[in-house]
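Residue strings, one per chain:
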Amino acid sequence: MRYYFLIMIWLVAGAGCASSARNTPNLPAASPVDVNSSGDAAFDEFETELSQRQVTIPDPIEPWNRAMFGVNDIFYFWVAKPVVQTYEKIVPRPARVCIRNFFENLTTPVRFVNCLLQGKGPEADRELRRFGINTTAGVLGFGDPAYDRWGLKPAAEDLGQTLAVYGLGDGFYVVWPLLGPSTLRDSVGTVGDSFLNPVRYVKPQEVSIGISVVDATNKGSFHIGEYESFKAASVDPYVAMRGAYIQYRKKQIRGEDQPIDPNSGKPEAIWPHGVL
Amino acid sequence: MTVRKLIIGIEGELMGISVKQKVMTRITSIWCVVLVLLVLGHNVNADEKYSNGAIKPPEAKSGSAALDVNDTNELWWSRWDAFVRDPNDPNELLEAKWNAIVTVLQNKELDQELKKKIMDKIMGPVFDTGLMAKLALGRTHWPKLTAPQQKRFTELFVERLKNIYLDKITLYNNEKVLFKHAMQEKNSIHIPVVLISNDKEIAILFKFHKMDETGGSKMNEYWKIYDVEIEGVSVLLVYRAQFDDILNRGGVKELFFQLEKPPTQ
């Protein structure tokens with residue numbers, strides 16, 4: 001269920017890629033059939049920009065990956081989706097948000113350690129504050145006052161990114177059954193990170209797995225329908241997922257967290273009334 | 001009996017005594033704990049999340065009173081443009097358009113189809129669809145298509161994008177939207193937008209470029225979007241990866257076959 005965050009990006013494509021196909025009389029806009037609506041200068045410029053940004057990933061085990069993509073697809077529609085939908089109907093949204101917050105608070109060690117390993121002081125500091133605030137004021141992490149009140153966002157760092165920062169390449173693209181898209185390096189990272197996740201140390205193992213399933217179900221309940229949208233939007237869902245995954249990771253590794261405020265030259269505050 | 005089992009299960013866990021319980025019993029016991037905690041957490045969360053007013057629906061600035069439901073002619077929706085003070089400022093353009101969209105979405109009297117039609121009219125002109133289609137194929141593949149093929153491709157690509165986008169935007173459910181400062185690139189302007197969905201921030205980047213000509217009487221068609229990035233993922237590049245793959249495998253014929261068949265469900 002790892003690909004929920006990839007899928008979510010498609011949901012919010014709501015604000016994206018609109019276009020007008022009809023050429024209504026009152027609309028002097030470029031009609032889609034007018035292929036020369038933009039000069040070649042614009043095409044050349046943005047073509048270069050896009051080509052530079054394009055990231056590719058070797059996919060030597062594509063037959064396996066496509067097969068696993070198919071398995072995950074079937075699993076999603078036959079198992080995950082009905083379970084998550086039922087769960088979503090039974091558990092009210094605020095409760096689901098609480099559970100999500102709780103698990104996110106629990107995995108603070110993963111993000112904190114990786115911030116440190118990458119030498120990201122401010123982010124590590126932010127994670128520590130979040131943990132402190134949410135564990136106390138947020139009642140064991142069920143609430144997220146650190147974000148709601150002070151706009152402290154979690155730092156989305158993981159071992160895969162840390163290894164990339166240390167210079168390790170992607171390796172190649174892998175699709176794992178149930179876990180979804182990954183690369184060789186990110187797979188190593190995921191395994192490494194799991195040692196920092198307290199849920200791993202719950203004994204006996206069945207309970208630990210059970211907790212993880214609850215976590216995944218709960219997370220999934222916020223993303224119902226996103227995979228369907230993603231599939232509908234793509235021409236070849238497998239290639240689309242691969243492309244989106246590798247681009248998404250690239251951005252995470254680059255770590256452009258916040259846009260720079262042109263007035264102050266400092267990172268722009270996401271939350272205007274930030275206090276901490 | 002079941003309750004007794006559960007209690008033994010929990011106690012066994014806490015005291016470290018190895019009680020041979022069935023797997024299901026253990027999972028259920030954890031569930032009970034989680035459920036109790038979430039009931040407790042529920043109240044805390046509800047109080048904190050909604051009392052400080054952090055998550056509020058964005059206010060539509062444009063007067064919704066002017067909305068005449070039955071008037072489907074092109075006049076009333078075009079009034080949104082009157083709220084753009086400086087049409088050459090893409091930030092303002094985007095915000096005004098967004099406010100218009102929100103007003104349409106929140107109007108309960110309009111049916112879905114009409115909403116889509118209106119939104120298409122509001123947002124459609126902001127997108128440079130011709131350029132988007134061209135860029136989706138890129139320099140390697142676009143010139144390979146004959147002129148009629150290019151035309152057909154643009155139609156199919158645009159139609160697909162439009163349907164998906166209009167379907168998705170109707171899912172909008174009062175998420176908070178923050179418009180950030182525009183960033184000047186070489187010949188384009190990037191506007192970062194933060195959408196807060198389910199209390200999570202999602203970064204969207206609209207990339208505008210300046211059209212060479214003003215394009216008719218409407219000044220606000222001056223800036224047009226040529227790409228959208230969501231969490232750093234360029235929509236165009238995701239399409240380009242797919243088109244590259246299809247063209248390398250099966251050529252132009254395969255491309256049109258794939259595009260013409262209805263989207264996979």
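Residues numbered from 1 in each chain as written. Chains lettered and ligands numbered in written order. Predicted model: local features only at pLDDT ≥ 70, side-chain atom pairs only at ≥ 80, totals over all residues. Heavy atoms only, no water.

As for unusual backbone geometry
Residue and element names in this part refer to chain A. With omega at -5 degrees, the peptide bond leading from lysine 203 into proline 204 counts as cis. With respect to the element layout, proline 204 can be found in the loop between helix H9 (184–194) and helix H10 (205–220). In the Ramachandran plot, valine 139 falls in the positive-phi region, its phi being about 50 degrees despite a non-glycine side chain. Within the secondary structure, valine 139 sits in the loop between helix H6 (121–136) and helix H7 (145–150). Backbone geometry places leucine 178, a non-glycine residue, at a positive phi of 70 degrees. Here leucine 178 lies in the loop between strand S1 (173–176) and strand S2 (180–183). Classification of leucine 178 by relative accessible area gives partly exposed; the value is 42%. (Helix = DSSP H or I, 4+ residues; strand = E, 2+ residues; numbered from the N terminus. Buried < 20%, exposed > 50% of the residue type's maximum accessible area, 1.4 Å probe, protein only.)

Some points on helix H5 (residues 112–123) of chain B
Residue and element names in this part refer to chain B. Compared with an ideal rise of 1.5 Å per residue, which puts twelve residues at 16 Å, H5 spans 16 Å between its outermost C-alpha atoms and is within 8% of the ideal. Most of H5 sits inside the fold, with nine of its twelve residues counted as buried. Every buried residue belonging to H5 is among Leu114, Lys115, Lys116, Ile118, Met119, Asp120, Lys121, Ile122 and Met123, and all of these are buried. (Expected span 1.5 Å × (residues − 1).)

With respect to the confidence of the model for chain A
All names here are of chain A. Per-residue pLDDT for chain A averages 81, and the proportion of residues at 70 or more is 78%. Per-element confidence in chain A is highest for S1, whose mean pLDDT is 96, and lowest for helix H1 (residues 4–11), whose mean pLDDT is 40. Per-residue pLDDT stays below 50 along residues 1–38; that stretch engages in 131 contacts with residues further than four places along the chain or on separate chains. Throughout residues 267–276 the model reports pLDDT below 50, and contacts reaching past four residues in sequence, or to other chains, amount to 33 contacts. (pLDDT = per-residue confidence, 0-100. Contact = heavy atoms within 4.5 Å.)

Some points on the packing of aromatic side chains
Between two aromatic rings, the relevant description is the distance of the centres plus the angle of the planes. Evaluation of the coordinates by the stated rule reveals 15 aromatic pairs over all chains. When the ring of phenylalanine 102 of chain A is compared with that of phenylalanine 103 of chain A, the centres are 5.5 Å apart and the planes differ by 70 degrees; the resulting orientation is edge-to-face. On the accessibility criterion, phenylalanine 102 of chain A (22% relative accessible area) is partly exposed. An angle of 5 degrees between the planes, with centres 5.7 Å apart, marks the rings of phenylalanine 153 of chain B and phenylalanine 157 of chain B as stacked. Of the two residues, phenylalanine 153 of chain B and phenylalanine 157 of chain B are both situated in helix H7 (residues 147–169); the distance of four residues between them amounts to about one turn of the helix. With relative accessibility at 0%, the residue phenylalanine 153 of chain B sits in the buried group. Here a set of aromatic residues connected by ring pairs shows up, and it is made of Trp142, Phe153, Phe157, Tyr239 and Phe243 of chain B. Over the face of the ring belonging to phenylalanine 222 of chain A we find arginine 100 of chain A, whose NZ or CZ atom lies 4.6 Å from the ring centre. If you follow arginine 200 of chain A out to its NZ or CZ, it ends over the ring of phenylalanine 195 of chain A, 4.0 Å from the centre. (Phe/Tyr/Trp six-rings, centres within 6.5 Å; stacked < 30°, edge-to-face > 60°. Lys NZ or Arg CZ within 6 Å of the ring centre and 35° of its normal.)

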